[in-house]
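# What the coordinates show
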Amino acid sequence: ANSKTLPSSSTSIVDLNNLLRNTASISHAKTQVESCLREGRDAYREFFKTSFGVLVDRIFNFQDGRTAWLQEVSQPGKETEARLLLELLAPDGILFQAMLAADQQDFHTWANCTGSFELWQYFFSKERLPARTQTLMRSQKGQDLLNELVHYRGRLMPDGVHLGVYEWFVFW
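My aim in this report is to walk through the structure given alongside it, one point at a time. (Residues numbered from 1 in each chain as written. Predicted model: local features only at pLDDT ≥ 70, side-chain atom pairs only at ≥ 80, totals over all residues. Heavy atoms only, no water.)

## Quick notes on the overall build of the protein chain
We count it as follows: Put simply, DSSP H or I for four residues or longer makes a helix, DSSP E for two residues or longer makes a strand, and each gets a number counted from the N terminus. Note on exposure labels: buried denotes an accessible area under 20% of the residue type's maximum, exposed denotes more than 50%, and partly exposed covers the range between, all computed with a 1.4 Å probe on protein chains only. We call two residues in contact whenever any of their non-hydrogen atoms come within 4.5 Å of each other.
Per the secondary structure count, the protein chain includes ten helices and five strands. Within the protein chain, the proportion of its 172 residues that are buried is 44%. For the protein chain, restricting intrachain contacts to residue pairs at least 6 apart in sequence, the fraction spanning at least 24 positions comes to 56%.

## A look at the side chain of Thr-133
Among the secondary structure elements, Thr-133 is positioned in helix H8 (residues 131–137). Accessibility expressed as a relative area gives 7% for Thr-133, which makes it buried. Apart from residues lying up to four places away in sequence, Thr-133 is in contact with Leu-146 and Tyr-152.

## Regarding the pattern of salt bridges
Worth spelling out the cut-off: The rule for a salt bridge is simple: a side-chain nitrogen of Lys or Arg has to be within 4 Å of a carboxyl oxygen of Asp or Glu.
Tallied over the entire structure, the rule returns five salt bridges. Note that Lys-30 and Glu-34 form a salt bridge whose closest N and O atoms lie 3.0 Å from each other. Pair noted here: Lys-30 and Glu-34 are both in helix H2 (residues 26–38), with a separation of four residues, about one helical turn. Comparing Lys-30 with Glu-34, the two get one shared label, buried. Between Glu-72 and Lys-78 there is a salt bridge, and its shortest N-O distance comes to 3.9 Å. Where salt bridges share partners, they join Lys-30, Glu-34, Arg-83 and Glu-87 into one cluster.

## A few points about the packing of aromatic side chains
Rule in force here: Planes of paired rings set the category: under 30 degrees apart is stacked, over 60 is edge-to-face and the rest tilted, where pairs are Phe, Tyr or Trp rings (Trp by its six-membered ring) whose centres lie within 6.5 Å.
Evaluated as defined, the whole model comprises 13 aromatic pairs. Relative to Phe-169, the ring of Phe-96 lies with its centre 5.5 Å away and its plane at 85°, an arrangement referred to as edge-to-face. With Phe-96 in helix H6 (residues 94–102) and Phe-169 in helix H10 (residues 165–171), this pair connects stretches of sequence that are 73 residues apart. Judged by relative accessible area, Phe-96 falls into the buried class, the value being 10%. Residue Phe-169 is classed as buried on the basis of its relative accessible area, which comes to 8%. With 5.3 Å between their ring centres and 75° between their planes, Phe-124 and Phe-171 make a pair best called edge-to-face. Taken together, the residues span a long stretch of sequence, with Phe-124 in strand E3 (residues 122–125) and Phe-171 in helix H10 at a distance of 47 residues. On the accessibility criterion, Phe-124 (3% relative accessible area) is buried. One aromatic cluster in this structure is built from Tyr-44, Phe-47, Phe-48, Phe-52, Phe-60, Phe-96, Tyr-122, Tyr-166, Trp-168 and Phe-169.

Take a look at the structure:
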């Protein structure tokens, strides 16, 4: 399943993931991500299932000490790369439009192997949440307060929050 070729494309999801993990070129990565997303809604499922987390890691990178793209483009002489990253992250760009489309109820539910339907959600761990939110999560009263907020309502788990595609990106 991981070697699936994107519809009408010669780039596999595995190739895209390897490119995102290993390339220093924001330009090349941007081109490949946008090409994948231009394939349409059929490509979204594989992209958000396997590649989106890799892309978010490259943009923000809080894990392995490698320079995040946001850090990279803040350096002098990186204006072209900064412009390309801004284009990729533009609210009216294909990535944001695909995130919003993926969060539509009719798109992000699918039958699992048992025939039931599951929501497509990402997990945001408690440790990455703001300190105040972590404190509130420790008590039932605090959880009740958090559940009054739209972005937490019905999404709290003991060890974090389940979010849709767009929300997960914004939480980073």
